[in-house]
Amino acid sequence: MEYVVVILILGCIVILYLYHRQNMKLLRSVSSPERGTKAERRLVVKMLRKGVHPKAIFHDLYLQKRNGEFSQIDIVVATPQGLLAIEVKDYSGWLFGNEKQQYWTQVLNYGKEKYRFYNPIMQNAGHIKALREQSEQFAHLPIFNVVLFAGNCTLKNVNYWADNTFVGYISNISYVLETVSELCLAGYTDKREVVRLLHQAVENGNNPDIVTSHQASVKRKSIGRL
């Protein structure tokens, strides 16, 4: 009996190892295991397993804005219907907020602890603005504001009304992809330009000067909002 248990345990370990190895192979078809957060990488793998082509997914982008600063976007997915700009948040507890409020609320420990965080819909709208600044084509493409939460959190009272906006959990990515796939095709005028500009934004993330400058800018703005 003990031998059977040992064999079962070893079998489970092998299966988990092979599954992890396969996930790493999938991830590397899009990004590096060192880029972004664990939740972002998990979402990339989930989309690949759902059939999204690896060349359509761009992870950890740094887009230069007109003022010279950079805007960091977690994930952009190019679909026939337009671009998905995805902001990934990893939180625990209960979350409250709507698209009009500048700050949302995180509630922990059965209401004994409350924290605020910047409205992720507004945050991602800033990323979309940076995307639209990249070219005339980007300025007119449909771009979807997608905010997905990871971690042990519950969206208790989160409301939004804007078109082309989705807020939910990472597990809802199938719903987002299916919903977008039913919309009209986007009017791409130069798909090569789209790929080139998004690839350049990913490459910018390999430049330590750009990353450091962006982090310093985010820190200054965060202090200003307190």
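Structural data are supplied above this passage.
The present account deals with the structure reproduced in this document.

Parameters and conventions
- Residues numbered from 1 in each chain as written.
- Predicted model: local features only at pLDDT ≥ 70, side-chain atom pairs only at ≥ 80, totals over all residues.
- Heavy atoms only, no water.
- Core = buried A, V, L, I, M, F, W, Y, C linked by side-chain atoms within 4.5 Å.
- Buried < 20%, exposed > 50% of the residue type's maximum accessible area, 1.4 Å probe, protein only.
- Helix = DSSP H or I, 4+ residues; strand = E, 2+ residues; numbered from the N terminus.
- Contact = heavy atoms within 4.5 Å.
- Pairing = 2+ DSSP bridges.
- Axes fitted to C-alpha atoms, helices over the stretch in contact; angles between N-to-C directions.
- Phe/Tyr/Trp six-rings, centres within 6.5 Å; stacked < 30°, edge-to-face > 60°.
- Lys NZ or Arg CZ within 6 Å of the ring centre and 35° of its normal.

**With respect to the nonpolar core**
By size, the foremost hydrophobic cluster in this structure holds 26 residues, and its most contacted members are Leu43, Met47, Ile75, Leu84 and Ile86. When contributions to this core are tallied by element, the ones reaching two or more residues are helix H2 (38-49), strand E2 (70-79), strand E3 (82-90), strand E7 (143-150) and helix H5 (173-181). A total of six residues in this core trace back to one element, the largest contributor, which is H2. Every residue in contact with Ile86, bar those within four places of it in the chain, is listed here: Leu43, Met47, Ile73, Asp74, Ile75, Val77, Asn124, Val146, Leu148 and Ile173. Leu61, Phe138, Leu197 and Ala201 belong to the second-largest nonpolar core, a separate cluster that totals 20 residues.

**With respect to the sheet that holds E7**
Across the sheet, five strands lie side by side as E1-E2-E3-E7-E9; this open sheet has mixed pairing. Edge strands, defined here as strands with exactly one partner in the open sheet, are strand E1 (57-64) and strand E9 (165-169). When the angles between neighbouring strand axes are averaged without regard to direction, this sheet yields 30°. Pairing analysis gives eight bridges linking E3 to E7, with the strands arranged parallel. From the neighbouring strand, Ile86 faces E7, where its bridge partner is Val146. Docked against the sheet, H5 engages E2, E3, E7 and E9, running at close to 155° with respect to E9.

**Some words on the packing of aromatic side chains**
Counting across every chain of the model gives four aromatic pairs. On the numbers, 6.1 Å between centres and 70° between planes, the contact of Trp104 with Phe117 is edge-to-face. One end of the pair, Trp104, is in strand E5 (residues 103-108); the other, Phe117, is in strand E6 (residues 113-118), with 13 residues separating them in the sequence. In this structure, Trp104 and Phe117 share a single accessibility class: buried. One aromatic cluster in this structure is built from Tyr91, Trp104, Phe117 and Phe149. Over the ring of Trp94 we find Lys156, and its NZ or CZ is 4.4 Å from the ring centre.

Read these as geometric descriptors, not functional statements.
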